[in-house]
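Secondary and tertiary structure notes
So the chains spell out like this:
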Amino acid sequence: MEQSTRKQSEDKVRLQEKAGRQTELQDGIPKRLWSVYEKAFLSFSPEENRKFTRSTEKQLGQLERRIIRKKRQENHQVLADMKDLHKKVAQIGYTVVLKDTRWLKKYRRVVRLLAKLDIGFLKKMAPGAVPDDIAGMEKTAALLRTKSLYEIYKEEYMQYLVGQRIEELMEAEPERQYPEARGMKRRFILHIGPTNSGKTYEALQRLKQAYHGIYLGPLRLLALEVYDRMMAAGIPCDMVTGEETIRTPGSFVQASTVEILDIRETYDIAVIDEAQMMADENRGSYWTRAILGIRAEEIHVCCSGTAESLLVRMLARCKDECEIVRHKRNTKLQFIPERYDMAKDVEPGDALIAFSKKNVLAIAAALEGRGIHASVIYGNLPPQTRQEQVRLFTEGINQVVVATDAIGMGINLPIRRVVFMNTTKFDGVGKRRLLAEEIRQIAGRAGRYGFYDTGYVQSAMDMEYVGKKLAEPFYPLRRARVGFPEVLLDIDIELDEIIEAWEKTGNPPMYDKISMKESVDKYRYLRDYRKKISYMEDRKLVLTLITCPFDVKDREVLRLWLRYCEKPEKRQDCPMLPRDFSLEGLESYYKQLDLYTQFSARMAWVVDKEEVAANREWAQHEIGELLKDDKGQFEKKCRVCGRSLAWNAAYPICDRCYRKMGKEQL
């Protein structure tokens, strides 16, 4: 009796399980997935404001036949039509559900056919994919109205899975990535103040007393300046940047760019300069890493007032001691509201600021044509050439300096007046107006302490805008940048997909991710070279190569990088002297030397340092001679008649030639 009862019970369970399976897989479609299709194609609201279709019955018949035909087509033919098919089903569904409900039964059959087509195509294209799992993604229903299940799997679901894996692997708080620093008792001194307030000077005075100290700044020119200061004070100092290294026997201090910091090294005193750059989209993560991870007992951080609040919160989360030293500007800064006229207002001690190398050279050429000697400073200048241009201005040999916004980052010049020649800049995406913090940073270079009691600021255009931004209150930084964590390299998909998935995941409190667009572009260049490259599976090596900084827009430099990447373990010779002796050709050659130095350091090549140094010196000398001897060659001239154009001429031909061309066409 008991056996009979047990058997009946077991049979009942089996029947229930069978019924359950039938429910779970009804008409060949998993129940959970079908509910998503119902949500996508049978749940519309009038607020969607779509257009109603005509001839509903006819269109449903055409759709049904079209879906059935797809089963007999090649994969590429099916894929090419899937997006349009899904959009069409959604378009007709809006009419059926909200207006023409008599065709609802037929429409449901069409949706089921579409679901079956999607499932079959997914199994063909991605055999390991599970349709029910894709149904579990929150946005699948919305996506089905515009694309197939396979396209969702390929474009969104894999990204979704990677995002989940990334969130599992990443620490919630970036400060936890530096356990050694968390185990130390660190004391921070924050030097808060505007440009020309002596904050860096005071921090360096303390650095001079270090037994093993380090300075970290944004530019190698600043690292070189600190190196010179230390050596002049009789303190042995090393200088290490990505491009060059100077070693001094028995050194107490190292002057470096912030990227160079060895997080495993321990220091007694450290200086982190221009720390407001921790919010920079491309480089900010290096400052964040230095602040959170540097192993030093005493850390001096120099920054503008915009970074104070964020820094204090970051250090509180690290449980570090924090002291704030406020610095006031040493000289007055006065805005002149009248428009600056370069034809008559140029005076010794002026710094004319433009935002492209071409405009800087064109302005300098126009001034030289009037007998006014000008130093030029812009981003691509080699450091010694830039140093020479600074010397010529400082010693009064050149009356004025013409510069890009590179002048705003810690370069000390005896400037009396800063003049904005324009107020827009190209930021890598498009042209935009200068931000208040950028205007203040550049304007603050006027009135060098020890040379002038007052600094002046003027503009050749948009005077009201510059004055307004100078007077604008400080808006505090809210978020710092964090870099790509190497722990994610173990995820088994292409590296560019990992990086892009990481960029799309949520940000930790107080932090945003840096932009990795350039690194992704470099990875794709490498991937195109896959036949020549055997190490693409070595993620760590590939990441090292694609994060090597160089100018991707310079085709010669990019070509050289790709050649090095073919066999990165094989030492290459120093780049040969260039054939092009123009300013652009010489600057490109100097960038090739930079790349050679950085690549060799990353791959531990043994290189002839004397040859590299000699080639650097030669390139810098040639560039310096070009800038010294004849700036007239950089003057903008009409392409047709050769007449001189204004430095900011929008077109490469003069008005007279333009009018003449117009008449000829008539």
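Before any of the text, the structure's been laid out above.
Residues numbered from 1 in each chain as written. Predicted model: local features only at pLDDT ≥ 70, side-chain atom pairs only at ≥ 80, totals over all residues. Heavy atoms only, no water.

1. Comments concerning the overall build of the protein
Across its full length, the protein carries 24 helices and 20 strands. Across its three principal axes, the protein shows a C-alpha extent of roughly 110 × 80 × 55 Å. Of the contacts formed within the protein by residues at least 6 apart in sequence, a portion of 73% connects residues at least 24 apart. Summed over all atoms, the accessible surface of the protein reaches about 34,300 Å², with 49% contributed by carbon and sulfur. Of the side-chain charges in the protein, 113 are positive and 99 negative, and the distance between the mean point of each set is 7 Å. (Helix = DSSP H or I, 4+ residues; strand = E, 2+ residues; numbered from the N terminus. Contact = heavy atoms within 4.5 Å. Areas by Shrake-Rupley, 256 points an atom, 1.4 Å probe, with all protein chains shown as cover. Lys, Arg positive; Asp, Glu negative; His and termini not counted. Charge placed at Lys NZ, Arg CZ, Asp CG, Glu CD.)

2. Examining the pairing of strand β3 (residues 187–192)
The side chains of a regular strand alternate, first on one face of the sheet and then on the other. Among the six residues that make up β3, five are buried, leaving the element largely enclosed by the rest of the structure. Sheet topology note: the β3/strand β9 (residues 295–303) ladder contains six bridges and is parallel. Considered in β9, the bridge of R187 is made with E298. Taken together, the six bridges between β3 and strand β10 (residues 321–326) define a ladder with parallel strand orientation. Looking at the pairing, R187 lines up with E321 of β10. (Buried < 20%, exposed > 50% of the residue type's maximum accessible area, 1.4 Å probe, protein only. Pairing = 2+ DSSP bridges.)

3. Here's the deal with helix α22 (residues 583–603)
Compared with the 30 Å implied by 1.5 Å per residue over 21 residues, the 30 Å span of α22 between its first and last C-alpha is a close match. For α22, the tally of buried residues reaches 18 of 21 residues, placing the bulk of the element in the interior. A604 sits one or two positions beyond α22 and adopts a positive phi of about 60°. (Expected span 1.5 Å × (residues − 1).)

4. Structural notes on the side chain of E175
Relative to the helices and strands, E175 is located in the loop between α8 (149–169) and α9 (179–182). Polar contacts involving the side chain of E175 include one to the side chain of R317, which spans 2.9 Å. Setting aside residues no more than four positions away along its own chain, E175 makes contact with R182, L292, R317, C318 and Y511. (Polar contact = N/O pair within 3.5 Å; in protein donor to acceptor, adjacent residues only side chain to side chain.)

5. Here's the deal with the packing of aromatic side chains
Taken as a whole, this structure holds 14 aromatic pairs when the rule is applied. Residues F484 and W502 carry aromatic rings whose centres are separated by 5.4 Å and whose planes lie at 90° to one another, so their mutual orientation is edge-to-face. Separated by 18 residues along the polypeptide, F484 in the loop between β19 (480–482) and α18 (495–504) and W502 in helix α18 bring together distant segments of the chain. No difference in accessibility class separates F484 from W502, as the two residues are buried. Consider the rings of F599 and W605, whose centres lie 5.3 Å apart with planes at 45°: the pair is tilted. Overall, the relative accessible area of 9% leaves W605 in the buried class. In textbook terms, an aromatic cluster arises when at least three aromatic residues are bridged by ring pairs, as seen for Y564, Y596, F599 and W605. (Phe/Tyr/Trp six-rings, centres within 6.5 Å; stacked < 30°, edge-to-face > 60°.)

6. Here's the deal with the sheet that holds strand β4 (residues 213–217)
In a beta sheet, neighbouring strands pair by backbone hydrogen bonds and run either parallel or antiparallel. Read from one edge to the other, the open sheet built from eight strands follows the order β6-β5-β7-β4-β8-β9-β3-β10, with strand pairing classed as mixed. Here the strands that pair on one side only, and so sit at the sheet edges, are β6 (245–246) and β10. Pairing geometry for β4 and strand β7 (residues 253–257), over five bridges, is parallel. In the strand pairing of β7, I214 is matched with Q254. Docked against the sheet, helix α11 (residues 220–232) engages β4, β5 (237–240), β6 and β7, running at close to 170° with respect to β5. In this fold helix α13 (residues 308–318) packs onto β3, β9 and β10, with an angle of close to 175° to the strand it touches most, β3. (Axes fitted to C-alpha atoms, helices over the stretch in contact; angles between N-to-C directions.)

7. Concerning the pattern of salt bridges
By the definition in use, this model includes 51 salt bridges. Here E323 and R187 are joined by a salt bridge, their closest N and O atoms 2.7 Å apart. Here R187 lies in strand β3 and E323 lies in strand β10, a separation of 136 residues in the sequence. Residue classification places E323 among the partly exposed residues on the basis of a relative accessible area of 33%. Among the ionic pairs, R433 bridges to D462, the shortest N-O distance being 3.4 Å. Of the two residues, R433 sits in strand β17 (residues 431–433) while D462 sits in the loop between β18 (454–459) and α17 (463–471), which places them 29 residues apart along the sequence. Classification of D462 by relative accessible area gives partly exposed; the value is 31%. (Salt bridge = Lys/Arg side-chain N within 4 Å of Asp/Glu carboxyl O.)

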